Amino acid sequence: MEQSDLRAPTMTAAVRPATARQRAARAARNGGEPTLEFADRVPYDAYVRASTLHQLQQPLSDDPGEMSFLMVSQIMELYFGLTCHELRHAQRELRANRIWDALPALRRAALHLEGLNAAWQGLRWMTPADFNRFRNQLGEGSGFQSAMYRQLEFLLGLRDPALIRPFRRQAEVHAELTAALATPSLWDEVVTLLARRGFGIPDELLARDLTVEHEAHPAVEAAWVRIYADGGPDNHLRLLGEALTEVAERFGDWRWHHVKAVQRTMGAKVGSGGSAGLAWLQRSMARVVFPELWSARTAM
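Parameters and conventions
Residues numbered from 1 in each chain as written. Predicted model: local features only at pLDDT ≥ 70, side-chain atom pairs only at ≥ 80, totals over all residues. Heavy atoms only, no water. Phe/Tyr/Trp six-rings, centres within 6.5 Å; stacked < 30°, edge-to-face > 60°. Helix = DSSP H or I, 4+ residues; strand = E, 2+ residues; numbered from the N terminus. Buried < 20%, exposed > 50% of the residue type's maximum accessible area, 1.4 Å probe, protein only. 1 Å grid on protein atoms, 1.4 Å probe; cavity = no way out; pocket = protein on both sides within 12 Å on 5 of 7 lines; lining within 4 Å. Points joined across faces, edges and corners; volume = space filled by probe spheres on them. Nonpolar A, V, L, I, M, F, W, Y, C, P; charged D, E, K, R; others polar. Polar contact = N/O pair within 3.5 Å; in protein donor to acceptor, adjacent residues only side chain to side chain. Contact = heavy atoms within 4.5 Å. Axes fitted to C-alpha atoms, helices over the stretch in contact; angles between N-to-C directions. Parallel < 35°, antiparallel > 145°, perpendicular 65-115°, else oblique. Left-handed = near helix turned anticlockwise from the far one by under 90°. Arc of directions from axis to C-beta. Patch = residues over 30% accessible without salt bridge, like charges linked within 9 Å, V, L, I, M, F, W, Y side chains within 5 Å. Areas by Shrake-Rupley, 256 points an atom, 1.4 Å probe, with all protein chains shown as cover. Salt bridge = Lys/Arg side-chain N within 4 Å of Asp/Glu carboxyl O. Core = buried A, V, L, I, M, F, W, Y, C linked by side-chain atoms within 4.5 Å.

A. Up close: the packing of aromatic side chains. Taken as a whole, this structure holds eleven aromatic pairs when the rule is applied. Each ring, one from Trp-187 and one from Phe-290, has its centre 5.1 Å from the other, and the planes form 25°; the classification is stacked. Remark: Phe-290 occurs in the loop between helix 13 (278-284) and helix 14 (291-295) and Trp-187 occurs in helix 9 (residues 186-196); sequence separation between them is 103 residues. When its relative accessible area of 1% is taken as the criterion, Trp-187 is described as buried. Judged by its relative accessible area of 1%, Phe-290 is buried. When the centroid spacing of 6.2 Å and the interplanar angle of 55° are considered together, the rings of Trp-224 and Tyr-228 count as tilted. Taken together, the residues span about one helical turn, with Trp-224 and Tyr-228 both in helix 11 (residues 218-229) at a distance of four residues. In this pair, the class of Trp-224 matches that of Tyr-228, namely buried.

B. Quick peek at empty space enclosed by the protein. Applying the stated criterion to the full structure yields one cavity of 30 Å³ or more. Every residue lining the largest cavity is listed: Leu-156, Gly-157, Leu-158, Trp-187, Glu-213, His-214, Val-288, Phe-290 and Pro-291. Counted by class, the lining of the largest cavity contains six nonpolar, two polar and one charged residues.

C. Focus on helix 7 (residues 147-155). Most of helix 7 sits out of view: nine of its nine residues are buried. Within two residues after helix 7, Gly-157 carries a phi angle of roughly 95°, on the positive side.

D. Structural detail: the side chain of Asn-235. Inspection of the secondary structure assignment puts Asn-235 in the loop between helix 11 and helix 12 (236-265). Looking at Asn-235, its side chain comes within polar contact range of the main-chain oxygen of Asp-230, at 2.8 Å. Setting aside its immediate chain neighbours within four residues, Asn-235 contacts Ile-227 and Asp-230.

E. Spotlight on the packing of helix 9 against helix 11. In the contact formed by helix 9 and helix 11, the axes pass within 11 Å of each other and the chain directions differ by 70°. Considering their axes alone, helix 9 and helix 11 lie roughly perpendicular with respect to each other. Between helix 9 and helix 11 lies a crossing whose hand is left-handed. Residues Trp-187, Val-190, Val-191 and Leu-194 of helix 9 lie in contact with helix 11, whose contacting residues are Val-220, Ala-223, Trp-224 and Ile-227. In terms of residue class, the contact of helix 9 with helix 11 is built from eight nonpolar, no polar and no charged.

F. Quick peek at the environment of Glu-215. Secondary-structure assignment places Glu-215 in the loop between helix 10 (203-206) and helix 11. Along the primary structure Glu-215 and Leu-138 are separated by 77 residues, whereas in three dimensions their C-alpha atoms are 36 Å apart.

G. Quick peek at helix 8 (residues 171-181). Turning to helix 8, its buried residues are Val-173, Glu-176, Leu-177, Ala-180 and Leu-181. End-on, the buried residues of helix 8 take up no more than an arc of 135°, which puts them together on one face. Facing away from the buried side of helix 8, by more than 90 degrees, are the exposed residues Ala-171 and Glu-172.

H. Quick peek at a nonpolar patch on the surface. Side chains of Phe-38, Val-42, Tyr-44, Tyr-47, Val-48, Leu-53, Leu-56 and Leu-78 sit close together on the surface and give an oily, nonpolar patch of about 800 Å² of accessible area. Within the element layout of this structure, Val-42 appears in the loop between helix 1 (20-30) and helix 2 (43-48). Assessed through its relative accessible area of 43%, Val-42 is described here as partly exposed.

I. Structural view of the nonpolar core. Of all hydrophobic cores here, the largest spans 53 residues; its most connected members are Trp-224 and Phe-290. Those elements that place two or more of their residues in this core are helix 4 (65-95), helix 5 (99-119), helix 7, helix 9, helix 11 and helix 12. Broken down by element, the residue count for this core peaks at ten residues, all from helix 5. The contact partners of Trp-224, leaving out residues within four places of it in the chain, are Trp-187, Val-190, Leu-194, Leu-237, Gly-241, Glu-292, Leu-293, Ala-296 and Met-300. Grouped together as the second largest cluster of nonpolar side chains are eight residues, Ala-147, Phe-154, Val-173 and Leu-177 included.

Here it is, written out as structure tokens:
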């Protein structure tokens, strides 16, 4: 089971699909006005579960600013899951040699990451004094402990087995992260695809330990140099490279915004979860997503 799959709600009368003829008949019956009476639950709420979503915010303090912090954090969690959903779809298409079909999912993933980045704007009001009014209520709670963010990092090829240790007492979550760590990342699938296309990827790179973070390899870099040398409109691999670059760049933007938000609200204080806070985030930014896509540009 994929943790990030977007599950459709159970089909009820409120959300049964309507045909074009039924919609036209309803519009005629309503005289062009919206339907205001329903026999059951409002169809929008039955589908979106809006009433459920708006019950999930439970602040720990009376400070009015905490709601903003809590809800933006929840919005980011949803974007983490949505981006994972798209990247896994792209993986499946690449595994099946359907490069063209993988591109829309990668495009959507990049746009979702733009939405994720925009969420930071909702916290720009927060100064250290604002954060300190409710920070102690969080205890050791920290974004560092987001299981879905770890799923996203693992999909992008950023892997560190130690980072799943906090979830050992949550058996299901720990099992999902352990499985994700042992599953090829999106970049692993791309490298394997290049091998299938005859780009001379060494066997030892294809058979490497997947739980260890990928290190840039000259053969992969050389493959991308060759791919980009072909500027033809039907060069699907070059289009793939650009779609992946967009994803990596937008994810890098998110990490940068995270650093700036921590600087704004905490300075160089120790993080809530016990990390070095700002220094730890700055070190993590040195880990490059899809490294050969960037290094190859020097040789183009």
